[in-house]
Amino acid sequence: WRKAPSEITQEESRQFYQQVTMDFEEPQRAIHFSSDAPIHIRALLYIPATREKSVLNLRKESGLQLYSHNILIQEYCQDLLPRWLGFVEGVVDSEDLPLNVSRETIQNTRIIRQLGRSIRKRVLRDLKNMADEDPDSYMAFWKQFGPFLKEGLSIDPDSKEEILPFLRFHSSTGNGGLTTLDAYVERMPDYQEEIYYLLGDDPVSVTFSPHLDPFNTRQLEVLYLLDPIDPFITSVLTDFEGKNLRNIADADLELPGDSADADLNNSDEISDTVFNQFIGRCVTTLGDRVIEVRTSKVLKDNPARLVDPAEQPSSDLQRVYKYLEQDYQIPTKVLEINRSHPLIQDLARLVDQEPGNDLINLSIEQLFENALIIDGLHPNPASILPRVQRIMELAVRTMPVELNEEEE
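(A) Structural context of the overall build of the protein chain. Secondary structure summary: the protein chain contains twelve helices and 13 strands in total. Burial status across the protein chain gives 47% buried among its 408 residues. Long-range pairs, those at least 24 residues apart, make up 72% of the contacts in the protein chain between residues at least 6 apart in sequence.

(B) Layout of the pattern of salt bridges. Under the definition given, this model contains 23 salt bridges. In this structure, Arg14 and Glu11 form a salt bridge, with 2.2 Å as the shortest nitrogen-oxygen distance. Here Arg14 and its partner Glu11 are both found in helix H1 (residues 10-21), three residues apart, which amounts to about one turn of the helix. The exposure class assigned to Glu11 is partly exposed, which follows from its relative accessible area of 36%. Among the ionic pairs, Arg187 bridges to Glu221, the shortest N-O distance being 2.8 Å. Of this pair, Arg187 sits in helix H5 (residues 181-187) while Glu221 sits in the loop between helix H6 (213-218) and strand S8 (223-225), placing them 34 residues apart in sequence.

(C) Molecular detail of H1. Helix length check: H1 (twelve residues) gives 17 Å between terminal C-alpha atoms against 16 Å at 1.5 Å per residue, within 8%. All of the buried residues in H1 are Ser13, Phe16, Tyr17, Gln18, Val20 and Thr21. Contact partners of the buried residues in H1: strand S1 (29-35), strand S2 (41-47), strand S3 (64-68) and strand S5 (89-93). One or two positions beyond H1, positive phi appears at Met22, with a value near 60°.

(D) Highlighting the confidence of the model for the protein chain. Mean pLDDT over the protein chain stands at 86; residues scoring 70 or higher make up 85%. The lowest-confidence element of the protein chain is helix H9 (residues 315-324), averaging 66 in pLDDT; the highest-confidence one is helix H8 (residues 272-286), averaging 96. A low-confidence stretch, residues 259-266 (pLDDT under 50), is modelled with 18 contacts involving residues beyond four sequence positions or located in other chains.

(E) Molecular detail of the nonpolar core. Core analysis: the biggest nonpolar cluster contains 64 residues, and Leu45, Val92, Ile119 and Leu149 have the highest contact counts within it. If you look at the next biggest cluster of nonpolar residues, it comprises 29 residues, including Cys282, Leu335, Val351 and Phe368.

(F) Up close: the sheet that holds strand S9 (residues 239-240). Taken together, five strands build an open sheet; the order of strands is S6-S8-S7-S10-S9 and the sheet is mixed. Strands at the two margins of the open sheet, each flanked by one partner only, are strand S6 (170-171) and S9. Pairing analysis gives two bridges linking S9 to strand S10 (residues 243-247), with the strands arranged antiparallel. When the bridges of S10 are listed, Phe240 appears paired with Lys243.

(G) A look at the packing of aromatic side chains. All chains considered together, the criterion is met by ten aromatic pairs. Geometrically, the ring pair formed by Trp1 and Tyr67 is tilted, given 4.7 Å between the ring centres and 50° between the ring planes. Of this pair, Trp1 sits in the segment before H1 while Tyr67 sits in strand S3, placing them 66 residues apart in sequence. Of the residues examined, Tyr67 reaches a relative accessible area of 13% and is grouped as buried. Centre to centre, the rings of Phe145 and Phe148 are 5.9 Å apart; their planes meet at 55°, and the pair counts as tilted. Placement of both Phe145 and Phe148 in helix H3 (residues 135-155) is noted, with a separation of three residues, approximately one turn of the helix.

(H) Region of interest: the packing of helix H10 (residues 342-353) against helix H11 (residues 358-374). Remark: H10 packs on H11, axes separated minimally by 10 Å, with the N-to-C direction vectors making an angle of 145°. As H10 packs across H11, the resulting crossing turns out to be left-handed. On H11, the residues that touch Leu343, Ile344, Leu347, Leu350 and Val351 of H10 are Leu359, Ile360, Ser363 and Leu367. The class makeup of the residues in the contact of H10 with H11 is eight nonpolar, one polar and no charged.

(I) Region of the structure containing the sheet that holds strand S13 (residues 333-337). Pairing is mixed in the open sheet, where three strands are placed in the order S11-S13-S12. Two strands close off the open sheet at either side, each with one partner strand: strand S11 (290-295) and strand S12 (304-307). Geometrically, the sheet is characterised by an average inter-axis angle of 25° between neighbouring strands, direction not taken into account. Pairing between S11 and S13: five bridges, direction parallel. Paired with Thr295 across the two strands is Ile337, which belongs to S13. Along the sheet face, H8 touches S11 and S13 and points at about 165° away from the line of S11.

Rules used in this analysis
Residues numbered from 1 in each chain as written. Predicted model: local features only at pLDDT ≥ 70, side-chain atom pairs only at ≥ 80, totals over all residues. Heavy atoms only, no water. Helix = DSSP H or I, 4+ residues; strand = E, 2+ residues; numbered from the N terminus. Buried < 20%, exposed > 50% of the residue type's maximum accessible area, 1.4 Å probe, protein only. Contact = heavy atoms within 4.5 Å. Salt bridge = Lys/Arg side-chain N within 4 Å of Asp/Glu carboxyl O. Expected span 1.5 Å × (residues − 1). pLDDT = per-residue confidence, 0-100. Core = buried A, V, L, I, M, F, W, Y, C linked by side-chain atoms within 4.5 Å. Pairing = 2+ DSSP bridges. Phe/Tyr/Trp six-rings, centres within 6.5 Å; stacked < 30°, edge-to-face > 60°. Axes fitted to C-alpha atoms, helices over the stretch in contact; angles between N-to-C directions. Left-handed = near helix turned anticlockwise from the far one by under 90°. Nonpolar A, V, L, I, M, F, W, Y, C, P; charged D, E, K, R; others polar.

So, in structure tokens, the structure goes:
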């Protein structure tokens, strides 16, 4: 590390990384630099290929090796880089650092703060170059270390502006790639005033969310926040470039061009009386598990969805409670029903014509728990299997059987 970067080969750099860490995977990135101003520094830093350390890795803790005059001062110096860059490995050497500095007081020295600023700036510059010049490599980096950067938003809000350009998100554009906040804003139509997002568990299941119905109708892009840490960062990541970030599961969400929904639920196939009977049946079946059952103004392709009432914690906080398991209970929400959906219309007719049919209550229960699963709030999805089997049994039993001539 005391040599000039031009004096060592890539193979020598790789061998040194393996010698220091006993990680036999090739590092994804090497950052080798030296500087004399504003402080004398020589550094050879590495970004590992994966965030999981192998059992043979010598360095079980985070932190850089700190040297002065080629003498080791601290084996795990965690004061040079913030925690959200703690995945960086390597060696830092500065002759401006006195050899008699106390390990207990090293974090309070002015030189350490200067070293930290220089190293941090250099690491972020290298990451930006990788993102701009080699997007495939950056995607590999993001897959491994993206959660570190997202964690930085929640534990180090003062670094928000530094971190934001490096964030990547799945989105409803469906192109399979990831997008930046800058690129999202550039694609926004002129009339869109907010950045829309949806919390989910994976990029496949989230596409089935009923909350997307009005956005698909308007062709408005929605960011998918899929990492367990995402609910923690939405309280910090509230706006970008003057645009507020908005969870599309909010009940009071107003969308541009509401006329696009004008005809979604104007169905004459069932009367108000029949539909209201079904709403009442939902209320009596679900009881205090829902605050209200009402007609949806936005659903198009899905039969039902759950939304948060104004006085309840947001979906973001509900997911936080679920991950932390702090007395988590299924939240009480508002159930919105899509009156024009064939399933809802058939169930409403069944309530009117055969109010004692077992399929009615079973189907209402299933609609409710389907919505919980889609929102990632169901504590035990496997518990629905007996009900699903019972619905199948009843459905098959009531299916008309076509007989051939001999059977007739």
